[in-house]
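# Chains, contacts and geometry: an overview
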Amino acid sequence: EALDQTRRQLQLIADNLPSLIAYVGRDERYIFVNKAYTRQFKKSAKDIIGRKIGDMVPADTYRAAEPHIRAVLQGRTEVFQSTLPDQHRQQRSLLVSYVPHREKGEVVGFFGLIHDITELGRANEALRVSQARFRRLVEASPYSIHEILPSGHLASINPAGRRMLNVKDPTRLD
């Protein structure tokens with residue numbers, strides 16, 4: 001009874017996390033998956049458990065993951081980025097962690113934790129574009145734009161500021 005209660009609690013926790021969680025045996029067959037995993041693959045846990053990883057993901061995704069699977073089965077924790085199509089066939093960017101499970105020193109399987117980082121990647125790209133746009137505006141401004149450190153030293157200055165303040169070498173601002 002206590003063991004069943006513990007299993008139900010662990011399943012409840014895993015099912016309510018947004019990341020894909022799996023436990024995979026040494027033979028690359030799924031032993032456990034959470035609800036996010038079943039949603040991703042549009043299959044029930046019963047339809048996933050017992051199947052091989054290569055049967056569940058697109059061939060190119062499996063080929064990219066295969067060296068990491070071999071490494072985790074040799075006992076090394078692996079963290080890498082991958083992609084996987086979602087329900088609408090849009091590519092999602094993933095951060096994948098594989099952690100070996102050892103019993104008596106032998107690797108018997110591994111834990112997989114997969115985070116969807118697509119939105120983070122989009123936000124980083126938007127930030128990069130915004131920073132580049134801002135940099136171009138600062139560099140093209142006819143006004144002096146500069147940054148002064150709390151120490152009173154000049155940290156950065158745009159071309160107009162260099163002309164106005166007669167700064168000859170912008171690499172030596174202090």
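Data block above holds the structure.
The rules behind each value
Residues numbered from 1 in each chain as written. Predicted model: local features only at pLDDT ≥ 70, side-chain atom pairs only at ≥ 80, totals over all residues. Heavy atoms only, no water. Helix = DSSP H or I, 4+ residues; strand = E, 2+ residues; numbered from the N terminus. Rg over C-alpha atoms; globule rule 2.2 N^0.38 Å. Buried < 20%, exposed > 50% of the residue type's maximum accessible area, 1.4 Å probe, protein only. Contact = heavy atoms within 4.5 Å. Areas by Shrake-Rupley, 256 points an atom, 1.4 Å probe, with all protein chains shown as cover. Lys, Arg positive; Asp, Glu negative; His and termini not counted. Charge placed at Lys NZ, Arg CZ, Asp CG, Glu CD. Expected span 1.5 Å × (residues − 1). Salt bridge = Lys/Arg side-chain N within 4 Å of Asp/Glu carboxyl O.

### Remarks on the overall build of the protein
When you go through the protein residue by residue, the secondary structure sums to seven helices and seven strands. For the protein, the sequential pattern of α-helices and β-strands runs α-β-β-α-α-α-α-β-β-β-α-β-β-α. Relative to its length of 174 residues, the protein is extended, with a C-alpha radius of gyration of 25 Å against a globular reference of 16 Å. Dimensions of the protein along its principal axes, counting C-alpha atoms only, are 80 × 40 × 35 Å. For the protein, the residues scored as buried account for 34% of the 174 residues in total. Put simply, 28% of the contacts in the protein that link residues at least 6 apart link residues at least 24 apart. Here the protein displays about 11800 Å² of accessible surface, and carbon together with sulfur accounts for 54% of that area. The averaged location of the 20 negative side-chain charges in the protein is 4 Å from the averaged location of its 27 positive side-chain charges.

### Here we look at the environment of Ile69
Tracing the backbone through its elements, the reader meets Ile69 in helix α5 (residues 59-73). Looking at Ile69, the relative accessible area reads 0%, which means it is buried. Expressed as a C-alpha distance, the spacing of Ile69 and Asn16, which sit 53 residues apart in the sequence, is 26 Å. Apart from residues no more than four positions distant in its own chain, Ile69 is found in contact with Glu28, Ile53, Tyr62, Tyr98 and Phe110.

### Notes on helix α6 (residues 118-140)
Taking 1.5 Å per residue as the helical rise, α6 with its 23 residues ought to reach 33 Å, and the 33 Å between its terminal C-alpha atoms agrees with that figure. For α6, the set of buried residues is Thr118, Ala132 and Val138.

### A short note on unusual backbone geometry
Even without being glycine, Glu28 reaches a positive phi, approximately 70°. Look at Lys104: it is not a glycine, yet its phi comes out positive at around 55°. Looking at where Lys104 falls in the secondary structure, it is placed in the loop between β4 (91-103) and β5 (106-116).

### A look at the pattern of salt bridges
Applying the stated criterion to the full structure yields six salt bridges. Across the pair Asp116 and Arg92 runs a salt bridge whose closest N-O atoms are separated by 2.8 Å. Remark: Arg92 occurs in strand β4 and Asp116 occurs in strand β5; sequence separation between them is 24 residues. Residue classification places Arg92 among the buried positions, given a relative accessible area of 18%. Between Glu125 and Arg128 there is a salt bridge; the shortest N-O distance is 2.6 Å. A residue pair is termed a helical-turn pair when its members lie 3 or 4 positions apart in one helix, as Glu125 and Arg128 do in helix α6 at three residues. With a relative accessible area of 37%, Glu125 lands in the partly exposed category. Looking at Arg128, the relative accessible area reads 46%, which means it is partly exposed.

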